[in-house]
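Remarks on the overall topology
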Amino acid sequence: MDVAVAGSHGFIGSALVADLVARGHGVRRLVRRGTGSGGTGSGDGKGPRGTSSSDDGALRANPTHAATDPPGVRQVLWDPRTGELAPAALEGADAVVNLAGAGVGDHRWTPAYRQKLLGSRTTTTSLLARTIARLDDPPVLVNASGTGAYGNRGDEVLTEASERGDDFLAQLVKAWENATAPAADAGARVVWLRSGIVLGASGGALGRLLPLLRLGVGGPLGSGRQWWSWITLVDELAVIRHVIGADVRGPVNAVAPEPTTNRELTRALAKALHRPAALTVPRFALRIAVGQLAADLVASQRVVPAVLSRTGFAWTHAAPEEAARWVAARG
């Protein structure tokens, strides 16, 4: 299998590249011309509700192989800001996995940063979709998305068929997914990977929570009763491989089959780390620390993976206790 990856230097992207190479697959790592961290973003670092988080790094323009890349990885130049992406760069690929986007949790949501969040997703996705549409044999497009699509829904069980929400993140996800339209209109199979909270030993949504839990000073956020739909990094990678090969299209909820409350997940993590989790982080403290992102952290989304269950996906970590033990062992 030959896979092109955009956003390949972030929390999920870097793990995906390593995973594909280890399994003997070829990887085309899309990198921007020049260096710097401005523009569209190049990493994924999953934030709350699976919204992607930038990990731009210093990406060197190199159309062949970078010294730090393992054999089997080829770098391909692109520049979403100028629309630079030759169709030949994607010709012959079996799949394009797009994980690029500025980080939802990296900055307060000022009007300017909201525009960056939107532009970093729609610009990259639109360029990939338009380029795929020009190919005679288009690859599948697996486009990052998030369970933020559903908004704050309390105890309602949410599947891929559920209505969208209407808050900022839901509107962001809608625009992000809509940007894939040129590829779908041209006959390409397009998957919207609506990832939940991706659990790993470092990075992702737990990047700030785990150090506190290890010190014994962490705890539930807000009331702790809000539903958090989650998935471990190892299962997130497996879902990506699954949807590349499975006959699925449209939204796919990349979450474990057992959503849990924030309180239950936090306690499971603390137990696996052999630490207490008695402290509660009140909503006002979250608001001071992360601004408007606090609303997403205390939002309730009870999302279930109907499509994955129907298509025979097998989870490595299906229960929160399993996930917590895996995260603790990795750290």
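Residues numbered from 1 in each chain as written. Predicted model: local features only at pLDDT ≥ 70, side-chain atom pairs only at ≥ 80, totals over all residues. Heavy atoms only, no water.

Once that is clear, we can look at unusual backbone geometry. One non-glycine residue, His274, lies in positive phi territory at about 60 degrees. With respect to the helices, strands and loops of the structure, His274 is situated in the loop between α7 (262-272) and α8 (283-290). Classification of His274 by relative accessible area gives exposed; the value is 68%. (Helix = DSSP H or I, 4+ residues; strand = E, 2+ residues; numbered from the N terminus. Buried < 20%, exposed > 50% of the residue type's maximum accessible area, 1.4 Å probe, protein only.)

Strands sit in the order β3-β2-β1-β4-β5-β7-β11 across an open sheet of seven strands; the sheet is parallel. Two strands close off the open sheet at either side, each with one partner strand: β3 (73-78) and β11 (250-254). Here the strands of the sheet are splayed against their neighbours by 25 degrees on average, with no regard to which way each runs. Contacting β1 (2-6), β2 (26-32), β3, β4 (95-98) and β5 (140-146), helix α2 (residues 111-133) crosses the sheet at an angle of about 170 degrees to β4. Packed onto the sheet, helix α3 (residues 168-178) meets β5 and β7 (190-195) and runs at close to 175 degrees relative to β5. (Pairing = 2+ DSSP bridges. Axes fitted to C-alpha atoms, helices over the stretch in contact; angles between N-to-C directions. Contact = heavy atoms within 4.5 Å.)

A few words now on the packing of aromatic side chains. Considering all chains together, one arrives at two aromatic pairs under this definition. With centroids separated by 5.2 Å and ring planes inclined at 55 degrees, the aromatic side chains of Trp109 and Phe168 adopt a geometry described as tilted. Taken together, the residues span a long stretch of sequence, with Trp109 in the loop between β4 and α2 and Phe168 in helix α3 at a distance of 59 residues. With relative accessibility at 10%, the residue Trp109 sits in the buried group. An angle of 90 degrees between the planes, with centres 5.0 Å apart, marks the rings of Phe313 and Trp315 as edge-to-face. Like Phe313, the residue Trp315 is buried in the burial classification. One Lys or Arg, Arg114, reaches over the ring of Phe168 and ends 4.3 Å from the middle of that ring. The ring of Trp227 carries the charged tip of Arg302 above its face, separated from the ring centre by 4.0 Å. (Phe/Tyr/Trp six-rings, centres within 6.5 Å; stacked < 30°, edge-to-face > 60°. Lys NZ or Arg CZ within 6 Å of the ring centre and 35° of its normal.)

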